[in-house]
Amino acid sequence: MKRGNLKIELLLALKLSLFLVLFLFPDSFAWAHPSSIYVSLFQSRPRVETLYLRAPFVITNPIRVVVGDGLFELVDDGGAIRVTQVSGKKRRVILRAPHVVISDRSRAAVEIGPDLTHMRKYYGQLTVSRRPVDRQTGRSGGLNVVNLIDSFNYVASVVGGETTPAFHKEALKAHAVLVYTRLSPKGRHPSIGDTTEEMVYLGAQHERSEVIDAVNEVDRRRLLFHERPAQAFFHACCAGRTSRGADIFGDNAKALAYLQSVPCTFCKDSPLYGTTTRQLPAAVFNREIADSEPQVLQVDQAKRIVRAQVRKNGKVSVLSGYQLWLQIGQKLGWDKAPGTRYQIEKTGNNYTIKSSGGGHGVGMCQWGAQGLAKQNKSYAEILQYYFPGTTVEKR
Ligand SMILES: [Zn+2]
């Protein structure tokens, strides 16, 4: 495995790891398959002051303007959104409006970004509005962009962004089924985010042709358990065995009989299969996580921590292994423990964190799906392996 691949893989792990419990367990599922969904873009930025747009695109609201070429800037000028054409030093205000709606033109994706080095391309419709003014400072709240996108393009972008070009078609199809499954209860939500808290959605650049073929073949099928959409968890690499949902996410996942622990050495090609070792100064660990080594109270059959006792500022509490892992990632960086199978040891003036795999370890192991696909398993067989008792929706 080349060094570059390792980097991609680490990125993958981080992207997949944070599939949070926010998504878990709505009372009832909306059954309708959404044909299109709303996604709030650039959610990883605390605040977007300016948006840049590169033509071609069409402004459809407040007035229709067909734009062939050029660069445009959108800012909140205190009372409305101001759209300005920028050409060298020349600036020309095109319009001002409370919100601006932009559409792709002749299926050429709209290029948009919060700065010129982070431009992304999106199909569909983009609605730019102003966030509420900050009451304390009186400052403008910045800009909000929501992409109305066909669910096919969304699934293709997510699957393309979460996999590498080396992935086998059946592994891509298994992934596409999981993304469709996760969309099914979203009909009630006004919009979803574009970060790891939901699914990472980086726009049209990730719709590779082999991914489009895979998504097409899946034909919007979902993963079902007793005829209802399953909770479609996935992670980058389990490094030997996946975990039961209840052991990672707690009692809420207990009723989900298909989130079982299954052996998996099919993910051996993943650079995260082995042990990742990271050291950090004791002072940093003490300040951010705990006064001393967390005491492991219970591990599951995949050797992931179920519960640990943590002392912080003299106060003792019991956390799930997953909660502690989230803290490590959020406060110390996601490279410290890419996978939820981790150990923490104090060695002299340092803490050493060892982990294997990437992501939370529940549901489908992505690199395992790739390994099974290489052994000629179909996407349905792959999914039934990682989610025992489920079926793929019939057509
Ligand atoms: Zn695996």
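Look above for the structure.
Residues numbered from 1 in each chain as written. Predicted model: local features only at pLDDT ≥ 70, side-chain atom pairs only at ≥ 80, totals over all residues. Heavy atoms only, no water.

### Considering the nonpolar core
- The biggest cluster of nonpolar side chains holds 106 residues, and the ones touching the most others in it are Ile-102, Tyr-154, Met-364 and Leu-383.
- Beyond its immediate sequence surroundings of up to four residues, Ile-102 is in contact with Leu-53, Phe-57, Val-58, Ile-59, Thr-60, Leu-74, Val-110, Gly-124, Gln-125, Leu-126 and Val-128. (Core = buried A, V, L, I, M, F, W, Y, C linked by side-chain atoms within 4.5 Å. Buried < 20%, exposed > 50% of the residue type's maximum accessible area, 1.4 Å probe, protein only. Contact = heavy atoms within 4.5 Å.)

### Quick look at the coordination of the zinc ion
- Those protein atoms acting as donors to the zinc ion are Cys-238 (SG), Cys-264 (SG), Cys-267 (SG) and Cys-365 (SG), and they sit at 2.3 to 2.4 Å.
- Viewed at the metal, the four donor atoms of the zinc ion are separated by angles of 103 to 115 degrees, and the geometry they form is tetrahedral.
- Read in sequence order, the donor residues for the zinc ion give the motif C-x25-C-x2-C-x97-C.
- In this structure Cys-264 comes out as buried when scored by relative accessible area, which is 1%. (Donors = N, O, S within 2.8 Å, 3.2 Å for Na, K, Ca; no water. Tetrahedral: all angles 85-135°; square planar, octahedral: opposite > 155°, others 65-115°.)

### Thoughts on the sheet that holds strand E14 (residues 228-229)
- Read across the open sheet, the three strands follow the order E14-E13-E25; overall the sheet is antiparallel. In this open sheet, the two edge strands, each paired with only one partner strand, are E14 and strand E25 (391-392).
- One ladder, built from two bridges, connects strand E13 (residues 223-225) with E14; its direction is antiparallel. Across the sheet, Phe-225 pairs through a bridge with Arg-228, a residue of E14. (Pairing = 2+ DSSP bridges. Helix = DSSP H or I, 4+ residues; strand = E, 2+ residues; numbered from the N terminus.)

### With respect to the side chain of Thr-276
- Summarising the element assignment, Thr-276 is placed in strand E18 (residues 275-281).
- You can call Thr-276 buried: its relative accessible area is 10%.
- Aside from chain neighbours lying at most four places away, what touches Thr-276 is Asp-335, Pro-338, Ile-353, Lys-354 and Ser-355.

### Regarding unusual backbone geometry
- That bond from Ala-55 to Pro-56 is cis: its omega, 15 degrees, falls within 30 degrees of zero.
- Structurally, Pro-56 can be placed in the loop between strand E2 (50-54) and strand E3 (57-61).
- In the segment running from Asn-61 into Pro-62, the intervening peptide bond is cis, with an omega of 10 degrees.
- With respect to the element layout, Pro-62 can be found in the loop between E3 and strand E4 (65-67).
- A positive phi angle is found at Phe-42, which is not glycine, with a value near 55 degrees.
- Here Phe-42 is to be found in the loop between strand E1 (36-40) and E2.
- The backbone phi angle of Ala-239 is positive, close to 55 degrees, even though this residue is not glycine.
- With respect to the secondary-structure elements, Ala-239 resides in the loop between strand E15 (234-235) and strand E16 (240-241).

### Digging into the packing of helix H3 (residues 169-183) against helix H4 (residues 209-218)
- In the contact formed by H3 and H4, the axes pass within 8 Å of each other and the chain directions differ by 60 degrees. Relative to H4, the element H3 is oriented oblique. Read as a crossing pair, H3 and H4 show a hand that is right-handed. Contacts between H3 and H4 involve Lys-169, Leu-172, Lys-173, Ala-176, Val-177 and Tyr-180 on the former and, on the latter, Glu-210, Val-211, Asp-213, Ala-214, Val-215, Glu-217 and Val-218.
- Grouping the amino acids of the contact of H3 with H4 by side-chain chemistry returns eight nonpolar, no polar and five charged. (Axes fitted to C-alpha atoms, helices over the stretch in contact; angles between N-to-C directions. Parallel < 35°, antiparallel > 145°, perpendicular 65-115°, else oblique. Left-handed = near helix turned anticlockwise from the far one by under 90°. Nonpolar A, V, L, I, M, F, W, Y, C, P; charged D, E, K, R; others polar.)

### A few points about the pairing of E2
- The element E2 is largely enclosed, with a buried count of four among its five residues.
- Where E2 meets strand E5 (residues 71-76), five bridges bridge the pair, whose relative direction is antiparallel. Bridging from a neighbouring strand, Tyr-52 pairs with Glu-73 of E5.
- With three bridges connecting them, E2 and strand E9 (residues 110-113) associate as antiparallel partners. Residue pairing in the sheet places Leu-53 in a bridge with Ile-112 of E9.

### Details of the sheet that holds E18
- Within the open sheet, the three strands sit side by side as E18-E23-E22. Their pairing is antiparallel. Whereas interior strands pair on both sides, the edge strands pair on one side only; in this sheet they are E18 and strand E22 (341-347). Direction aside, neighbouring strands of the sheet carry axes that sit 20 degrees apart on average.
- Note that E22 and strand E23 (residues 350-356) share seven bridges and pair antiparallel. Looking at the pairing, Thr-347 lines up with Asn-350 of E23.
- The sheet contacts of helix H7 (residues 321-332) involve E18, E22 and E23, and relative to E22 the element is tilted by about 65 degrees.

So, to be careful, I would describe these as geometric facts and stop short of saying anything about function.
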